[in-house]
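Chain by chain, the residues run as shown.
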Amino acid sequence: MKIFKQYLDNASIETPKVGKLKNHTTTPMPPITTIAVAGASGALGTPLVHALLAANFQVTALTRLDSQSTHPPGVKVARVDYTSHSSLSAALTGHDALVVTLTPSASGDQDPIMRAAIAAGVYRIIPSEFGGDMLHPRVRTLPVFKGKRDTQTLVRRLCAESRGTTTFTLVFNNLFLDWGIELGLAIDLAGKKMEFVDGGERYFTAAPLEFIARGVVAILQRPEETADRAIRLSGVRMTQKQLLRIAKKVVGEEGWTVTHIESEELKRRGYEGYRRSTSFGGSWVFDLVKFTLHADGYAGDFAGKEDNELLGLEELDEEEVEEMMRRGVSFNTSYYGL
Ligand SMILES: NC(=O)c1ccc[n+]([C@@H]2O[C@H](COP(=O)([O-])OP(=O)(O)OC[C@H]3O[C@@H](n4cnc5c(N)ncnc54)[C@H](OP(=O)(O)O)[C@@H]3O)[C@@H](O)[C@H]2O)c1
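Remember, predicted model here, so these are calculated numbers, not experimental data.

Below, the discussion takes up the site of the ligand. Around the ligand lies a shell of 26 residues, among which Gly39, Gly42, Thr63, Ser67 and Thr103 are the nearest. Listed by contribution, the elements that provide at least two residues to the shell around the ligand are strand S2 (58-64), strand S7 (175-176) and helix H6 (177-182). Residue composition of the shell around the ligand, grouped by class: 10 nonpolar, 15 polar and one charged.

This part covers the sheet that holds strand S3 (residues 76-80). Pairing is parallel across the open sheet formed by seven strands, whose spatial order is S3-S2-S1-S4-S5-S6-S10. This sheet does not close on itself; its edge strands, each paired only once, are S3 and strand S10 (229-232). Strand-to-strand twist of the sheet, defined as the mean angle between neighbouring strand axes without regard to direction, takes the value 20°. In this sheet, S3 lies alongside S2 in parallel orientation, the contact comprising five bridges. Paired with arginine 64 across the bridge in S3 is valine 80.

All right, on to the confidence of the model for the chain then. When the pLDDT values of the chain are averaged, the result is 89; 88% of them are 70 or greater. Low pLDDT, under 50, characterises residues 1-25; the predicted model gives this stretch 41 contacts beyond four residues in sequence or across chains. Scored below 50 in pLDDT, residues 332-338 shows 11 contacts in the model against residues more than four places distant or in partner chains.

Let us look at the sheet that holds strand S9 (residues 204-207). As summarised here, the arrangement of the three strands in space is S7-S9-S11, forming an open sheet in which the pairing is mixed. The two strands at the open ends of the sheet, each matched to only one other strand, are S7 and strand S11 (236-238). Both S9 and S11 contribute to a ladder of three bridges, which runs antiparallel. By the bridge assignment for S11, threonine 205 is matched with arginine 237.

What follows covers the nonpolar core. Formed by 87 residues in total, the largest nonpolar core has its most connected members in Val37, Leu48, Leu98, Val99, Ala117, Ile212 and Val216. For this core, the leading source of residues is helix H7 (residues 209-220), giving nine residues. Excluding anything up to four places from it in sequence, isoleucine 212 contacts Leu44, Phe130, Asn173, Ala207 and Leu233.

A few words on helix H9 (residues 263-276). Helical periodicity: at 3.6 residues per turn, an α-helix aligns residues three or four positions apart in one direction. Its 14 residues place the ends of H9 20 Å apart at the C-alpha level, agreeing with the 20 Å of an ideal helix rising 1.5 Å per residue. Within H9 the residues assigned to the buried category are Ser263, Leu266 and Gly270. Projected down its long axis, H9 shows its buried positions confined to an angular sector of 55°, all on one face. Projecting away from the buried face of H9 at angles above 90 degrees are the exposed residues Glu264, Glu272, Arg275 and Arg276. Looking at the buried positions of H9, the neighbouring elements they touch are strand S8 (193-197), strand S12 (257-261) and helix H10 (283-294).

Let us now look at the packing of helix H3 (residues 111-119) against helix H5 (residues 146-162). Relative to each other, H3 and H5 sit at 15°, their axes nearing to 10 Å. Viewed along their axes, H3 and H5 adopt a mutual orientation that is roughly parallel. Here H3 runs over H5; the crossing is right-handed. Contacts between H3 and H5 involve Asp111, Met114, Arg115 and Ile118 on the former and, on the latter, Thr151, Leu154, Val155, Leu158 and Ser162. Each residue belonging to the contact of H3 with H5 can be placed in one class, and the counts come to five nonpolar, two polar and two charged.

Along its 12 residues, helix H8 (residues 240-251) runs 16 Å from first to last C-alpha, staying within 8% of the 16 Å computed at 1.5 Å per residue. The complete set of buried residues in H8 reads Gln240, Leu243 and Ala247. Seen from one end, H8 has its buried residues packed into an arc of 55°, which puts them on one side. Directly after H8, the chain includes glycine 252, whose backbone phi takes a positive value near 105°.

Looking now at the packing of H9 against H10. Two elements in contact, H9 and H10, have axes separated by 8 Å at closest approach and are oriented at 150°. Our classification of the angle between H9 and H10 gives roughly antiparallel. Every pair of crossing elements has a handedness; the one defined by H9 and H10 is left-handed. Across from Ser263, Leu266, Lys267, Arg269, Gly270, Gly273 and Tyr274 in H9, the residues of H10 making contact are Ser283, Trp284, Asp287, Leu288, Lys290, Phe291 and His294. In the contact of H9 with H10, the residues fall into five nonpolar, five polar and four charged.

Moving on to unusual backbone geometry. One non-glycine residue, phenylalanine 130, lies in the positive phi region at around 60°. Mapped onto the secondary structure, phenylalanine 130 falls in the loop between strand S5 (124-126) and helix H4 (137-140). Under the C-beta neighbour-count criterion, phenylalanine 130 is labelled buried, with 27 such atoms within 10 Å. With a phi close to 55°, lysine 192 is a non-glycine residue in the positive phi region. Tracing the backbone through its elements, the reader meets lysine 192 in the loop between H6 and S8. For lysine 192, a count of 18 C-beta atoms within 10 Å puts it in the partly exposed group.

Analysis parameters
- Residue numbers run consecutively from 1 along every chain, following the written order of its sequence.
- It should be noted that, the model being predicted, local features are given only for residues of pLDDT at least 70 and side-chain atom pairs only at 80 or more, the latter also being counted only at that level, while totals for whole chains, interfaces and linings use all residues.
- Here is the check we use: build the C-beta atom from the backbone, and if it is within 6 Å of the molecule or strand, call the residue near.
- The way it works is that DSSP assigns letters per residue, a run of H or I at least four long becomes a helix, a run of E at least two long becomes a strand, and they are numbered from the N terminus.
- Here the term charged refers only to Asp, Glu, Lys and Arg, the term nonpolar to Ala, Val, Leu, Ile, Met, Phe, Trp, Tyr, Cys and Pro, and the term polar to all other amino acids, Gly among them.
- At least two bridges found by DSSP between two strands are what make those strands a pair.
- Fitting a line to C-alpha atoms yields each axis, with helices limited to the stretch in contact; the angle taken between N-to-C directions then spans 0 to 180 degrees.
- A residue's pLDDT is the predictor's confidence in that residue, given on a scale from 0 to 100.
- A pair of residues counts as a contact when their C-beta atoms, built from backbone coordinates, are separated by no more than 7 Å.
- Note on terminology: a nonpolar core is any set of buried Ala, Val, Leu, Ile, Met, Phe, Trp, Tyr and Cys residues joined through C-beta atoms within 7 Å.
- Here the C-beta atoms are placed from the backbone, and a residue counts as buried if at least 20 other C-beta atoms lie within 10 Å of its own, exposed if 12 or fewer do, and partly exposed otherwise.
- Here the expected length of a helix is defined as 1.5 Å per residue gap, with one fewer gap than residues.
- Here the arc refers to the directions that run from the helix axis out to each C-beta atom.
- Here is the rule for angles: anything less than 35 degrees is roughly parallel, anything more than 145 is roughly antiparallel, 65 through 115 is roughly perpendicular, and the remaining ranges are oblique.
- Note: crossing handedness is left-handed where the near helix turns anticlockwise from the far helix by less than a right angle, and right-handed where it turns clockwise.

Right, here's the structure in full:
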């Protein structure tokens, strides 16, 4: 039973006039086999590396000079200085693709790695996006996405200038659903708390980390169809009320505290935190992310725009969401036990 397949008309989502997303090459694209992953040890990087290895890609993990992170057997590790062009281009030479899954606060620091990838002749770049629809004109203007917006503009320009030597894919998946549940952000299972935005009946799309990882693998396996364009992944489509109903099956009906907030208040709270903040991070970031997910007219719902079919992906059904929540309840910090 696929309860999340009732797509709404999403005519309000428009692509801004920021240049054509078009492939410049005329020759067939070569298969992609060697992948560099920057941020391979992170929340998304970890399941991504496992999915790449399972699909027989050769994987190099780029890691900071002083990082303590560890990587699975079979992964080549390259320590890099993320501010140094020569360090990055040396590490990237010989790779067909670069996937960046660096920590959110570093999303505005991708300029050197993007330029190095172009210089090293990397064929496909997937920058650190993995959130809201950054082609949506209203989403793009929010301060929380400034770093990603600037990176995206740079990548598109550099790839256009390379005339097909380097191509890009932008991956949008909205909320990391399991991550959001484990951290109590989408719903607080441990404390049995839920905050409905505008009544909790608006549809949104989201995706678990493992689903996004499979999406990236599928993109890399389809270089031609995924060149110089955005890909929208929908792992689930549901309302907050549906999420709460499933949560009650997992942790019980009793003892819930349900609160309400208007999306405009969420936005006001987020901007207030942003103005007070001296750095990226903290509750203002999640307030604005939550706002884009649940407010009307901010592309929180990818219905009719998702690229699952192209990639051979199917949304989770209710039982799978329930199972994912059971893992969330156990607060397993190693994602999917990998
Ligand atoms: N849609 C959503 O709900 C959602 C949620 C979270 C994140 N995201 C997005 O997903 C992408 C990956 O995020 P993530 O949560 O997976 O990242 P993460 O786990 O916080 O960090 C990934 C890796 O980045 C490296 N790193 C940490 N701090 C760094 C710094 N200051 N400078 C450079 N590298 C640093 C570390 O690797 P090494 O130690 O190996 O160097 C770390 O393992 C980002 O674009 C983020 O914005 C989306």
